[in-house]
Amino acid sequence: MTRIHELLAAGPTWSFEFFPPKTPEAEMALDKAVRELAPLEPSFVSVTYGAGGSTRERTRDIVTRICAEQAFPAMAHLTCAGQSHSGIAELLDHYAAHGVRNILALGGDPPADGSDPGGEFTYALELVEQVRAHPAGFSIGVAAHPEGHPRSPDRASDRRHLAEKLAVADFALTQFFFTVADYAAMIEDLADLGCTKPVVPGVMPVINVNGLRRMVTMNGTALPAALADRLDAVAEDPDAVAAVGVEVATALVQGLLAAGAPGIHLYAMNRSSSVRAIYANLGRLPD
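If you're wondering where the values come from, they're calculated on a predicted model, not measured in any experiment. (Residues numbered from 1 in each chain as written. Predicted model: local features only at pLDDT ≥ 70, side-chain atom pairs only at ≥ 80, totals over all residues. Heavy atoms only, no water.)

Caption draft 1: Local environment of the sheet that holds strand S4 (residues 102–106). Ordered by their spatial adjacency, 8 strands build a closed barrel running S1-S2-S3-S4-S5-S6-S7-S8, and the pairing between neighbours is parallel. Neighbour-to-neighbour, the strand axes of the sheet open up by a mean angle of 30 degrees, direction not taken into account. Where strand S7 (residues 199–203) and strand S8 (residues 263–267) come together, 2 bridges link them in parallel fashion. Note on S8: the bridge partner recorded for Val203 is Leu266. (Pairing = 2+ DSSP bridges. Helix = DSSP H or I, 4+ residues; strand = E, 2+ residues; numbered from the N terminus. Axes fitted to C-alpha atoms, helices over the stretch in contact; angles between N-to-C directions.)

This is the structure in structure tokens:
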């Protein structure tokens, strides 16, 4: 199975992110989105992992199935909050046995009530090191936050921690953001620290205003006032919200490519329409 760092070394990548469904209906929607996006020939796709490992089995099964059925690899998100070393080892063995070779190693979000999730890991770097030690030779990605991690005391320490992770990992994938300047500043900060590993920007086309506001609050992402005003003006019209989301995401992608981004990772939100519209705007839809 192809490793993502090899794809990045060969040229710009295009990839999509999915999340594990919670109902049979949502599972059908995910399968439909994968089928509809497969003709776009993504370099890879990724599947997220719920807080505290709450979607461990669903993530595992979806990643394994996509790798078996599609021409492109699926990367498994893996968090260490509340997890044991033996549990992680078991999951890595499963992935290795089923041909999965790409892992996004994350610290993970704390429980919603702010309590200590427990577990045997303190930092994401410890998970990166365990994945690196596995004999399968996984390609390892880590999370990057262009505006700084919400739990980092300051941007300088955030960049140092990211550089430390990237010294062991192969690449980073960012949280969503809305300003090219934030991404460019992060790349410059990393270069000043001697870190030149590829950092792929994550771009989320907005489809729901309330959902967006929840996520920016949780992630510490800045929502530009002009964008907020545009979205609020059409908040009750889902098609209009999606249209604004596609327009803004297209412009962001163009800016990021112009800034030298090594790839683009689009949050598909388990549907194909916004991703296909962005591809159409960029002239990337297949004939």
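Caption draft 2: Highlighting the packing of helix H10 (residues 238–258) against helix H11 (residues 273–281). Where H10 contacts H11, the axes come no closer than 9 Å and their chain directions differ by 50 degrees. What the angle tells us is that H10 and H11 run oblique. The handedness of the crossing between H10 and H11 comes out as right-handed. Taken together, the residues of H11 that come into contact with H10 (itself represented by Val246, Ala249 and Thr250) are Ser274, Ala277, Ile278 and Asn281. (Parallel < 35°, antiparallel > 145°, perpendicular 65-115°, else oblique. Left-handed = near helix turned anticlockwise from the far one by under 90°. Contact = heavy atoms within 4.5 Å.)

Caption draft 3: Main features of the pairing of strand S3 (residues 74–79). Burial of S3 is extensive: 6 of the 6 residues sit out of reach of the surface. What you see with S3 is no split at all: Ala74, Ala76 and Leu78 on one side and Met75, His77 and Thr79 on the other are buried throughout. As defined by bridge partners, strand S2 (residues 44–47) adjoins S3 across 3 bridges and the pair is classed as parallel. Residue pairing in the sheet places Val45 in a bridge with Ala74 of S3. Here 4 bridges tie S3 to S4, and the two strands are oriented parallel to one another. Across the sheet, His77 pairs through a bridge with Leu104, a residue of S4. Traced from S3 through helix H4 (residues 85–97) to S4, the parallel crossover comes out right-handed. (Buried < 20%, exposed > 50% of the residue type's maximum accessible area, 1.4 Å probe, protein only. Right-handed = clockwise from strand over helix to strand, strands pointing away.)

Caption draft 4: Spotlight on empty space enclosed by the protein. This structure, assessed with the given rule, holds 1 cavity of 30 Å³ or more. Reported here for the largest cavity is a volume of approximately 50 Å³. Surrounding the largest cavity, His145, Pro146, Glu147, Gly148, Gln175, Phe176, Asn219, Gly220 and Thr221 form its lining. (1 Å grid on protein atoms, 1.4 Å probe; cavity = no way out; pocket = protein on both sides within 12 Å on 5 of 7 lines; lining within 4 Å. Points joined across faces, edges and corners; volume = space filled by probe spheres on them.)

Caption draft 5: Structural context of the packing of aromatic side chains. Overall, the coordinates contain 5 aromatic pairs when judged by the stated rule. Judged by centre distance (6.1 Å) and plane angle (5 degrees), the ring pair of Phe177 and Tyr183 falls under stacked. Taking relative accessible area as the criterion, Tyr183 reaches 2% and is therefore assigned buried. Three or more aromatic residues joined by ring pairs form one cluster here, namely Trp14, Phe16 and Tyr279. (Phe/Tyr/Trp six-rings, centres within 6.5 Å; stacked < 30°, edge-to-face > 60°.)

Caption draft 6: A look at H10. Here H10 is 21 residues long and its end C-alpha atoms lie 30 Å apart, about the 30 Å a rise of 1.5 Å per residue gives. Downstream of H10 by a residue or two, Gly260 has a phi angle that is positive, lying close to 95 degrees. (Expected span 1.5 Å × (residues − 1).)

Caption draft 7: Expanded view of the side chain of Arg101. In this fold, Arg101 is placed in the loop between H4 and S4. Look at Arg101: it is buried, it has no salt bridge, and the nearest opposite charge is Asp93 at 9.6 Å. (Lys, Arg positive; Asp, Glu negative; His and termini not counted. Salt bridge = Lys/Arg side-chain N within 4 Å of Asp/Glu carboxyl O.)

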